[in-house]
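The chain contents come next:
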Amino acid sequence: MIGAGYVGLVSGACFAEFGAYVTCLDVDDSKINDLNNGKIPIYEPGLNDLVARNVEAGRLKFTTEFPKAISRADLVFIAVGTPSRHGDGHADLKYVYAAAKQIAKYLDGYTVIVDKSTVPVGTARQVQRIIKDENPKADFDVASNPEFLREGAAISDFMRPDRVVLGVESERAEALLRGLYRPINLIEAPIHVTNLESAELVKYASNAFLATKISFINEISTLCEKVGADVHAVAKGMGLDGRIGRKFLHAGPGYGGSCFPKDALALVRIAQEHGVSSRIVESVIEVNSAQKARMVGKIRKALGGSETGKTLAILGLTFKPETDDMRDSPSLSILPTLMEKGALIKAHDPEGMEEAKEMLPEGVRYCNSANEALQDADAVVILTEWNAYRGLDLKEVKSLMKGNVFIDLRNVYEPQQMQDAGFQYSCVGRLS
Ligand SMILES: NC(=O)c1ccc[n+]([C@@H]2O[C@H](COP(=O)([O-])OP(=O)(O)OC[C@H]3O[C@@H](n4cnc5c(N)ncnc54)[C@H](O)[C@@H]3O)[C@@H](O)[C@H]2O)c1
């Protein structure tokens, strides 16, 4: 498993749990050192135990050395990052190509090289060319096996997926991959086998579609506020239609995270490269930016028109609960805008503060508890719906704060309950 990040580490540990012998390789020495010392470099529920159990059983190893990891492998997964390329939004494939070059050098015997990273259509064939150029004698096939796990629920998503997608071109590669995924097939998760290009596109199309659902309901939430409708009721009424489905219809501050923003943008770029329009996805991206900007306006309005000199308790910094991942979190665009206008930020997040310190401007005061953040605040803003913020003791919150402004960007609380508790409450797409 090349790349021991959110996807590589979870996938590697889960394959080991299924009985495979897995070596996770990363170029980041400190990550591999941590892993070899029993320390998990990311926060993902259940991952500590899963890794420890499989290391103990001798099925899971960590290394920075390519020869060790590659030469005995039947399958080599590429699970390195594919961030947005600075300046143009294309998926940056430099890590994938660097990994492919390294892998090529140490191949020994028939091996399947599998792209697990989210990569543009055509990347598997490019990886194939790179390996052939580097090592003309190598006996190998390439395959595409995009990953659909969600951070925060990654282990159960990996072990009980809705589907496994395999892009393959040879029966031998397909047989090896099917063998590896057999435990998943035993629980009747469908294995969808297709060609390389289709497998690569399934991933982008899926993420763009989910982002579309979120932007759609966010746009509807704005309308709800204007016409006196309740976005919860609208989403429920829509979602009960089996053709629409209930999931991903939660209004909020806009989608974020390490996948939707970069993958939606990359899909637009892939389409442009092929001379095809992608107007829906372009709008989804635009609506998402507008939603984040709208949240700043909402906070400003709740503060009486200006955030200058106001102290805001921010609860939650990560893009969603149960992860420490801060990549493209809405907090990264909302908080700096408020700070530029003179807001004082006291922030708390159960797992994301170390990451946040690297990514948010200086001046944010990081607090050890929600209560510390709430102390003397003019307003509280819920940015991420961690469980710890779902059942706040409202009396205590009120007594800790200087003001009574409560801005709930995740619609965790009921407007009536909050008004009864004496808050000036605002949320997203609901009458408050
Ligand atoms: N994070 C998610 O929820 C998620 C879900 C599905 C798919 N994906 C996709 O999976 C891929 C990996 O995402 P991630 O979140 O795990 O990224 P990550 O940044 O957490 O991990 C990537 C790892 O790859 C390592 N790396 C970079 N170049 C390398 C090289 N040449 N050789 C070995 N290791 C190298 C990095 O040091 C890093 O540890 C991306 O394409 C992403 O879009 C991510």
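Below: a short report on this structure. Bear in mind the structure is a predicted one, so any value in this text is a computation, not a measurement. (Residues numbered from 1 in each chain as written. Predicted model: local features only at pLDDT ≥ 70, side-chain atom pairs only at ≥ 80, totals over all residues. Heavy atoms only, no water.)

Time to look at the environment of Asp139. Along the chain, Asp139 turns up in the loop between α6 (123-134) and β5 (140-144). For Asp139, a relative accessible area of 39% gives the class partly exposed. Those residues within four positions of Asp139 in sequence are excluded, and the remaining contacts are Gly109, Tyr110, Thr111 and Arg172. (Helix = DSSP H or I, 4+ residues; strand = E, 2+ residues; numbered from the N terminus. Buried < 20%, exposed > 50% of the residue type's maximum accessible area, 1.4 Å probe, protein only. Contact = heavy atoms within 4.5 Å.)

Okay, the packing of α6 against helix α10 (residues 196-227) next. Two elements in contact, α6 and α10, have axes separated by 8 Å at closest approach and are oriented at 125°. The orientation of α6 relative to α10 falls into the category oblique. Side by side, α6 and α10 meet where Thr123, Ala124 and Arg125 of the first sit next to Leu196, Glu197 and Glu200 of the second. The residue inventory of the contact of α6 with α10, partitioned by class, reads two nonpolar, one polar and three charged. (Axes fitted to C-alpha atoms, helices over the stretch in contact; angles between N-to-C directions. Parallel < 35°, antiparallel > 145°, perpendicular 65-115°, else oblique. Nonpolar A, V, L, I, M, F, W, Y, C, P; charged D, E, K, R; others polar.)

This part is about unusual backbone geometry. For residues that are not glycine, phi is negative in most cases, and the peptide bond is trans in most cases. Backbone geometry places Glu188, a non-glycine residue, at a positive phi of 70°. Residue placement: Glu188 occurs in the loop between α9 (182-186) and β7 (191-194). Classification of Glu188 by relative accessible area gives exposed; the value is 70%. In the Ramachandran plot, Phe248 falls in the positive-phi region, its phi being about 65° despite a non-glycine side chain.

Turning our attention to the nonpolar core. By size, the foremost hydrophobic cluster in this structure holds 43 residues, and its most contacted members are Phe15, Leu47, Leu177 and Tyr181. At seven residues, helix α1 (residues 6-17) tops the list of elements feeding residues into this core. Contact partners of Leu177, with chain neighbours within four places excluded, come to Leu75, Phe77, Val114, Ala143, Leu166 and Val168. If you look at the next biggest cluster of nonpolar residues, it comprises 34 residues, including Ile217, Met238, Leu249 and Val428. (Core = buried A, V, L, I, M, F, W, Y, C linked by side-chain atoms within 4.5 Å.)

Before going further, it helps to spend a moment on the pattern of salt bridges. Evaluation of the coordinates by the stated rule reveals 21 salt bridges. Two residues, Glu151 and Arg327, come together in a salt bridge whose shortest N-O distance is 3.8 Å. In this pair, Glu151 sits in the loop between β5 and α7 (154-159) while Arg327 sits in the loop between β8 (311-315) and α14 (331-340), placing the two residues 176 residues apart along the sequence. In this structure Arg327 comes out as partly exposed when scored by relative accessible area, which is 38%. One salt-bridge network, in which partners are shared between bridges, spans Arg125, Glu169 and Glu197. (Salt bridge = Lys/Arg side-chain N within 4 Å of Asp/Glu carboxyl O.)

Before going further, it helps to examine the packing of aromatic side chains. What the rule picks out here adds up to 10 aromatic pairs. Between the aromatic rings of Phe15 and Tyr181, the centroid separation amounts to 5.2 Å while the plane-to-plane angle is 70°, which identifies the pairing as edge-to-face. Of this pair, Phe15 sits in helix α1 while Tyr181 sits in the loop between α8 (171-180) and α9, and the two are 166 residues apart along the sequence. Comparing Phe15 with Tyr181 shows no difference in burial state: the two are buried. Counting every residue linked through ring pairs, the aromatic cluster contains Phe15, Phe18, Phe77, Phe158 and Tyr181. If you follow Arg163 out to its NZ or CZ, it ends over the ring of Phe148, 3.6 Å from the centre. (Phe/Tyr/Trp six-rings, centres within 6.5 Å; stacked < 30°, edge-to-face > 60°. Lys NZ or Arg CZ within 6 Å of the ring centre and 35° of its normal.)

What follows covers the site of the ligand. If you check the shell around the ligand, you find 27 residues, and the closest are Asp26, Lys31, Thr82, Glu151 and Lys262. A distance of 2.6 Å separates an oxygen atom of the ligand from a polar side-chain atom of Lys31. The side chain of Thr82 places a nitrogen or oxygen atom 2.5 Å from an oxygen atom of the ligand. Here the ligand loses 90% of its free accessible area of 830 Å² to cover by the protein chains. Among the secondary structure elements, those contributing two or more residues to the shell around the ligand are α1 and α5 (94-106). Taken together, the residues of the shell around the ligand sort by class into 12 nonpolar, seven polar and eight charged. (Near = heavy atom within 4 Å. Polar contact = N/O pair within 3.5 Å; in protein donor to acceptor, adjacent residues only side chain to side chain. Areas by Shrake-Rupley, 256 points an atom, 1.4 Å probe, with all protein chains shown as cover.)

On to the pairing of strand β6 (residues 164-167), then. Where burial is concerned, the two faces of β6 agree: the one with Val164 and Leu166 and the one with Val165 and Gly167 are both buried. Note that β6 and β7 share four bridges and pair parallel. Looking at β7, one finds that Val164 is bridged to Ile191. (Pairing = 2+ DSSP bridges.)

In contact at an axis separation of 9 Å, α10 and helix α12 (residues 260-273) are set at 115° when each is read in the N-to-C sense. Note on packing geometry: the crossing formed by α10 with α12 is left-handed. Taking contact as the criterion, the partners of Leu201, Lys203, Tyr204, Asn207, Ala208, Leu210, Ala211 and Ile214 in α10 are, on α12, Phe260, Asp263, Ala266, Leu267 and Ile270. Of the residues contributing to the contact of α10 with α12, the split by class is 10 nonpolar, one polar and two charged. (Left-handed = near helix turned anticlockwise from the far one by under 90°.)

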